[in-house]
Structure formats: structure tokens, C-alpha cells
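Report on the structure
What follows is each chain in one-letter form.
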Amino acid sequence: MKIAILSRSSRIYSTDRLLQAAHQRGHQVEVIDTLRCYMNIASHRPSIHYRGEKLTKPDAIIPRIGASITFYGTAVLRQFEMIGTFPLNESVAISRSRDKLRSLQLLSRRGIGLPVTGFCRSPDDIDDLIKMVGGAPLVIKLLEGTQGIGVVLAETRKAAESVIEAFMGLNANIMVQEYIKEAKGADIRCLVIGNKVVAAMRRQAPPGEFRSNLHRGGTAEIIKITPEERSTAVRAAKIMGLNVAGVDLLRSNHGPLVMEVNSSPGLQGIEEATGKDIAGMIIQFLEKNVELNKPGTRTKGKG
Ligand code: ADP
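Here the structure is a predicted model, which means the values were calculated and not measured.

Some thoughts on the overall build of the chain
For the chain, the count of helices and strands is nine helices and 16 strands. Computed over the C-alpha atoms, the radius of gyration of the chain is 20 Å, within 12% of the 19 Å expected from 2.2 N^0.38 for a compact globule of 303 residues. Based on the C-alpha atoms only, the size of the chain along its principal axes is roughly 60 × 45 × 35 Å. Counting across all 303 residues of the chain, residues that qualify as buried make up 51%. If you take every contact in the chain between residues at least 6 apart in sequence, the share linking residues at least 24 apart comes to 64%. Summing over all exposed atoms, the chain offers an accessible surface of approximately 14,800 Å²; the carbon and sulfur share of this is 51%. Here the chain contributes 42 positively and 30 negatively charged side chains, and the mean placements of these two sets differ by 6 Å.

Comments concerning the site of the ligand
Near the ligand lie 19 residues; those nearest to it are Lys141, Gly148, Ser212, Asn213 and Glu260. Lys100 has a polar side-chain atom sitting 3.3 Å from an oxygen atom of the ligand. In the model, an oxygen atom of the ligand is placed 2.7 Å from a nitrogen or oxygen of the Glu260 side chain. In isolation the ligand exposes 550 Å². Once the protein is present, 96% of that is buried. Among the secondary structure elements, those contributing two or more residues to the shell around the ligand are strand 9 (138-142), strand 11 (174-178) and strand 16 (255-262).

Things to note about helix 9 (residues 278-292)
Along an α-helix, residues three or four positions apart point the same way, because every turn accommodates 3.6 residues. Along its 15 residues, helix 9 runs 21 Å from first to last C-alpha, staying within 8% of the 21 Å computed at 1.5 Å per residue. Within the span of helix 9, buried status applies to Ile278, Ala279, Gly280, Ile282, Ile283, Phe285, Leu286, Asn289 and Val290.

A few points about the packing of helix 2 (residues 70-82) against helix 3 (residues 91-98)
Relative to each other, helix 2 and helix 3 sit at 160°, their axes nearing to 9 Å. With respect to each other, helix 2 and helix 3 are oriented roughly antiparallel. For the element pair helix 2 and helix 3, the recorded crossing hand is left-handed. Along the contact surface, helix 2 presents Thr70, Thr74, Leu77, Arg78 and Glu81, while helix 3 presents Ser91, Ile94, Ser95 and Arg98. Its residues assigned to classes, the contact of helix 2 with helix 3 shows two nonpolar, four polar and three charged.

What about the pairing of strand 2 (residues 28-32)?
Sheet topology note: the strand 1 (residues 2-6)/strand 2 ladder contains five bridges and is parallel. Each bridged residue has a counterpart across the sheet, and for Ile3 the counterpart in strand 2 is Val29. Taken together, strand 1, helix 1 (residues 13-24) and strand 2 constitute a β-α-β crossover, and its handedness is right-handed.

Notes on unusual backbone geometry
Going from Ala136 to Pro137, the amide bond is cis rather than trans, its omega being -5°. Within the secondary structure layout, Pro137 lies in the loop between helix 5 (126-132) and strand 9. Even without glycine at this site, Asn171 takes up a positive phi of about 60°. Position of Asn171 relative to the elements: it lies in the loop between helix 6 (157-169) and strand 11. Accessibility expressed as a relative area gives 64% for Asn171, which makes it exposed. Positioned with a positive phi, Lys184 is a non-glycine residue whose angle comes to about 50°.

Describing the environment of Arg189
When you line up the elements, Arg189 lands in strand 12 (residues 186-193). Accessibility expressed as a relative area gives 7% for Arg189, which makes it buried. The spatial distance from the C-alpha of Arg189 to the C-alpha of Ile5 is 23 Å, given a sequence separation of 184 residues. The contact partners of Arg189, leaving out residues within four places of it in the chain, are Ala199, Ala200, Met201, Arg203, Gly246, Val247, Asp248, Asn262, Pro265, Gly266 and Ile270. Within the structure, the side chain of Arg189 is placed 2.6 Å from the side chain of Asp248, a separation counted as a polar contact.

Regarding the confidence of the model for the chain
Regions with low pLDDT should not have their predicted coordinates read in detail. For the chain, per-residue confidence averages 93 on the pLDDT scale, and residues scoring 70 or more make up 97% of the total. Between residues 297-303, whose pLDDT stays under 50, and residues either more than four places distant or in other chains, the model counts 17 contacts.

Criteria and cut-off values
- Along every chain, residues carry numbers that run from 1 in the direction the sequence is written.
- Reporting in this predicted model follows two pLDDT cut-offs: at least 70 for local features of residues, and 80 or more for side-chain atom pairs to be given and counted; totals over whole chains, interfaces and linings ignore these cut-offs and use all residues.
- The side-chain numbers reported here are obtained from all heavy atoms of the structure, hydrogens and water having been left aside.
- Working definition: helices are DSSP H or I runs of at least four residues, strands are E runs of at least two. Numbering for both runs from the N terminus.
- Only the C-alpha atoms count toward the radius of gyration. The rule for a globule is 2.2 Å times the residue count to the power 0.38.
- Exposure categories follow from relative accessible area, calculated using a 1.4 Å probe and restricted to protein chains: below 20% of the type maximum is buried, above 50% is exposed, and the middle band is partly exposed.
- In this analysis, two residues are considered to be in contact whenever any of their non-hydrogen atoms come within 4.5 Å of each other.
- Method for areas: the Shrake-Rupley scheme with a 1.4 Å probe, in which residue coverage is limited to the protein chains shown.
- For the purpose of charge, His is not counted, nor are the chain termini; Lys and Arg are scored as positive and Asp and Glu as negative.
- The location of each charge is read from NZ of Lys, CZ of Arg, CG of Asp or CD of Glu.
- Only heavy atoms are used to decide nearness, and a residue is near a molecule or strand if one of them lies within 4 Å of it.
- Two N or O atoms count as a polar contact when they lie within 3.5 Å, although within protein this holds only if one can serve as hydrogen donor and the other as acceptor, and sequence-adjacent residues are included solely when both atoms are side-chain atoms.
- Expected span of a helix: the number of residues minus one, times 1.5 Å.
- The axes are straight lines fitted to the C-alpha atoms, using for helices just the contacting stretch, and the angles between their N-to-C directions are given from 0 to 180°.
- Working rule for angles: under 35 degrees goes down as roughly parallel, over 145 as roughly antiparallel, 65 to 115 as roughly perpendicular, anything else as oblique.
- Handedness of a crossing is defined here by the sense of rotation of the near helix relative to the far one, left-handed for an anticlockwise turn of less than a right angle and right-handed for a clockwise turn.
- Amino acids are sorted into nonpolar (Ala, Val, Leu, Ile, Met, Phe, Trp, Tyr, Cys and Pro), charged (Asp, Glu, Lys and Arg) and polar (every other residue, Gly among them).
- Being paired, for any two strands, means DSSP has found at least two bridges between them.
- Note on handedness: a crossover is taken as right-handed if, strands pointing away from the viewer, the path from the first strand over the helix to the second is clockwise.
- Confidence of the predictor in every single residue is expressed as pLDDT, which spans 0 to 100.

Written out as C-alpha cells, the structure is:
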């Protein structure tokens, strides 16, 4: 099979692992720099050009589109979909998952457990919004943030008001969320491929910190998850329309709560914590599903 990996660089751990795994399983594979793809969308025959040449159609594409280039990256991926390449995750699902608020709205509509979350625009509504999510302590999140940046724990109502006002003054979009204290600075990353959680790790924040992001000094270890956590993670990925996803859960007193569904989960943390060959499993998923999705046999991916 001919596989393309859409990524800025083959030196990134996840990209390199996918490259190696595809090679090992006997596929023809190349890394394509997302920002060096350009496209012809005006004609009846859409095409993709790369560094001066027209690309021949790969059978499958693995999008690894960074948050800062979501707009251009999803446009490039859509173009691959138009020429008939099977995407590991579809462009529409990636766009959906990159909008944190839209994701929570979709998950809430389907009854997935979520931390109580509020969203408002006018400073006049801050007071009631804080009440609505149950008062302080609460978590304030920049909608555009990643890797824990722009996620603030406000211990008191006064602090919450000041932080929300400050963000609003900068015209930043924020959401306000119930603080899940009983999670004790830990969250669970479930790696979903198809209909299965293939690996799970518990990330623990360092002392004095509530954010468990590995980029913020969190530590990771393998964990056995409950059947409820397993089915919540699989359902969340499915609702977002993602074949492969990193679903982040908080363990609350009333069951698992989904914090986020990531469409380009990093492989380093989870492979190191669990010792599993996630990159190999992703390539195997493509092997099964590219055949199923050949024109005329298109059914939604299984396995
Ligand atoms: P990002 O997408 O930037 O990583 P998250 O929403 O995942 O931001 O938050 C970063 C970390 O902060 C999470 O991994 C979790 O440990 C902690 N956290 C986020 N929201 C809550 C919450 N409502 N209650 C408790 N802890 C939270």
C-alpha cells in the first residue's frame, strides 16, 4: 500500500514512528510537509502538487496536523479525500474536534459525561455563569489553548471574576468549567483505534500543579481502565467521527467525564508508558480499512 504522512517533519517522534511502522510492514511510505502542498480546486479533476510536482494518489493518508495550522492542513487533507485517498481521520472530524466548545456540545447531546461547562460573551453575565457552573473553585480555559497553556484554576470567586474579565478584555474566547477536585491532578488518556481502546495511561500532575499535561511536567504510567471508561472513550471518538483519537477522561465521583477528544494524539508518552506498538496498530488499522473503503465497497471502518 502507498501511504502518505501529512506532517511538518519526519523528526517528530510520532511521525518517525509511523514512518518506521509502515516500512516494517512492507508499505511504500513518505512524509509530506503539509505547508508545502498546494492544490488545484478549480477544475473537475482536483489535484495536489508538492514541491513543483503533481502527486500521485496515495492509498491512505495519516494526517498529523498541528493545532496552529488546522485551517490549511484540513484543506489539504480534504483535497486528498477528493482524489480518493483514504484518510486515517477525516478532515471534517478533525475540524470538529479542534473546536473545543463544539466538541463538548456534540458530546453533551449524546449524553457523554462532561464537567459542567459554561460559555458567555458579555462581562455582565460572568456573575451568573460562575453560579451556573457551581461557583469557585473553577477552571477557566482558553478555547484556543493546547498543552495546558491557558488553563487556569481559580480558587475563589473573586479570582475567577478577575481572570474571566482579563481574558474577555483581551477578546479571548474562554469556557468556565467545574473543577473536578477528586481527580487529584490526574487524568486518563485513552488511545482509541477503531472500536477499541488499545492503550490507556494515567497522567499525574507534579506537586502543586493541577494540570497533568506531560509538557507541564506530568508523569505517565500504564493503568487498567473500567468497562465504563472504555465504552465512554470509544463512544466519544465515534461521536466526533474519529477513527483514531486520544480521549482524555477525568475520574469523578459520578463516573468518567470527557475533557477532550484529540484527533492527533502524540505517540511518545503512551508508547513509553504502556510499551505498546501504537504506530504499528495504526498501520494495521489502515491495512484493514483501505480495502473496505475502495470505491464501490465503501462501508464505515471496522476493527
Ligand atoms: P489542554 O487541551 O490545553 O491540554 P485541558 O483541558 O486538557 O487543556 O486541561 C489541561 C489539564 O488540566 C488536564 O489534563 C487536567 O489534568 C486538568 N484539568 C482540566 N480541566 C479540569 C477540570 N475541569 N477539573 C480538574 N482538572 C482539570
